[in-house]
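# Inside the fold
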Amino acid sequence: MAYVAVSGGEEAIAASIALLDFYRSKTEKDVELEVIQEKMSLLVDRVMSEAGLYAKEYAALALKQCEGSVEEAVFLLRAYRSTLKRSYDTYVADTKNMRIVRRISAAFKDIQGGQILGATYDYTHRLMHFDLKNEDAAKLHERMEAMVEGQEPVPMEPCGRVSDELKTEGLIERFPINEEPPYDITENLLEFPASRSARLQTLTRADAGFISGLAYSALRGFGQVHPTVGELRTGYVELEIPYLQQEGEALWIGEVMLTEVEVFNEAEDKDALKLACGYGAVFGRNENKAIAMAVIDRELDAGGDYPTQDEEFVLMHGDSLEMNGFISHLKLPHYVTFQSKLDAVRKTRRENNHD
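The following refers to the structure shown. (Residues numbered from 1 in each chain as written. Predicted model: local features only at pLDDT ≥ 70, side-chain atom pairs only at ≥ 80, totals over all residues. Heavy atoms only, no water.)

### Description of the overall build of the protein
The following threshold applies: Here a helix means four or more residues in a row that DSSP labels H or I, a strand means two or more in a row labelled E, and each is numbered from the N terminus. Three exposure classes are used, based on accessible area relative to the maximum for each residue type with a 1.4 Å probe and protein chains only: buried under 20%, partly exposed in between, and exposed over 50%. Two residues qualify as a contact provided that any one of their heavy atoms is within 4.5 Å of a heavy atom in the partner residue. Using the Shrake-Rupley algorithm and a 1.4 Å probe, accessible areas are obtained, with residue cover drawn only from the displayed protein chains.
Looking only at helices and strands, the protein features 13 helices and four strands. Expressed as lengths along the three principal axes of its C-alpha atoms, the size of the protein is roughly 80 × 60 × 55 Å. Each of the 355 residues in the protein was classed as buried or not, and the buried ones make up 31%. In the protein, 66% of the contacts between residues at least 6 apart in sequence involve partners at least 24 apart. Carbon and sulfur atoms form 55% of the exposed surface of the protein, whose accessible area is close to 24,100 Å².

In structure tokens, the structure reads:
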């Protein structure tokens, strides 16, 4: 590609950046990071997922810096992530031991451990609440405290997956545990055919809108038949690393919130005696992205002629940075290349006596 420098040079660029800072602030009221982090938590969770870095405060800072632009925030957070030293690899986090805050199944009414609605917009009226303009956060907290006052805390036992019961009946395929280290897509080029770990990493970091659109196309007929959400669970998963002072011991370093989804579908072979399964897992409360990821995971396993079943198409075009970066580059000067296109059209017109 051929580019030329933007006229105006450094002074014009400095003025543009100063104007950008003004657009970001505009009023004398500042937005505290805690406000973004806690009151815009779904937005923060999306940025962390697509950036591949679980850091709520830094995600909130990135959103503040770029006026709430998701793709710019992901860019900033990934750039910062690339500077961090990787000191340890955690042990495999078993989501069966998740401290659950929400768990539902669209496949079964009664599941072991019960359905836990948790916090969700699924059952709300999609109407504007204009009274939120004068919301009193302190009263909201007081009301919640009054609701739980005097109630005994219910101990949460680990809930097995719904799919485990189907596996016991032989209705879903069992696979042996894969002891191979996961393929790190942040340090290695994505190769095709991609390993399963590379596929899942790429999907969980992909743009939520892109993945949702692909999943929607599959549901509308450009893919396999309609899947069923066997289980959706959101909660906290503990992370442990090897305890260096004593072999075989683990050191607890914290926990992260995840949303995990398994979808069930008919197998490609209509005479098959087992169901097919797709999987999705993302940072935070990010349900639609996790469901869409599970749908696409199943589509890629099935293979076929639709875009949703083309591994290279799906994995190479959903990355937030590359997708938005390539589209954004169209704003850069293309004076030379466009002039060559004009010259080619003018020459053709002359040759065909159009002038």
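Following the structure, the description resumes.
### Considerations on the pairing of strand E3 (residues 250–265)
Rules: DSSP bridges decide pairing: two strands pair if at least two such bridges lie between them.
Bridge count between strand E2 (residues 228–242) and E3: 14 bridges; the pairing is antiparallel. Along E3, the bridge assignment pairs Tyr236 with Met257. The pairing of E3 with strand E4 (residues 276–283) spans eight bridges and is antiparallel. Pairing of Val263 across the sheet is with Gly278, part of E4.

### With respect to the pattern of salt bridges
This is how the line gets drawn: Salt bridges are defined as contacts in which a side-chain nitrogen from Lys or Arg sits within 4 Å of a carboxyl oxygen from Asp or Glu.
Applying the stated criterion across every chain yields a total of 19 salt bridges. Bridged by salt links that share partners, the residues Arg103, Arg161, Glu231, Arg233 and Glu260 form one connected network.

### With respect to the sheet that holds E3
The condition that has to hold: To obtain an axis, a line is fitted to C-alpha atoms, over the contacting stretch when the element is a helix, and the angle between two such axes runs from 0 to 180 degrees between their N-to-C directions.
Taken in spatial order, the four strands line up as E1-E2-E3-E4 in an open sheet, and their pairing is antiparallel. Both outer strands of the open sheet, strand E1 (99–104) and E4, are each paired with one neighbouring strand and no more. Pairwise comparison of adjacent strand axes, ignoring direction, gives a mean angle of 25 degrees for this sheet. On the sheet, helix H10 (residues 287–302) packs against E1, E2, E3 and E4 and is oriented at approximately 145 degrees with respect to E4.

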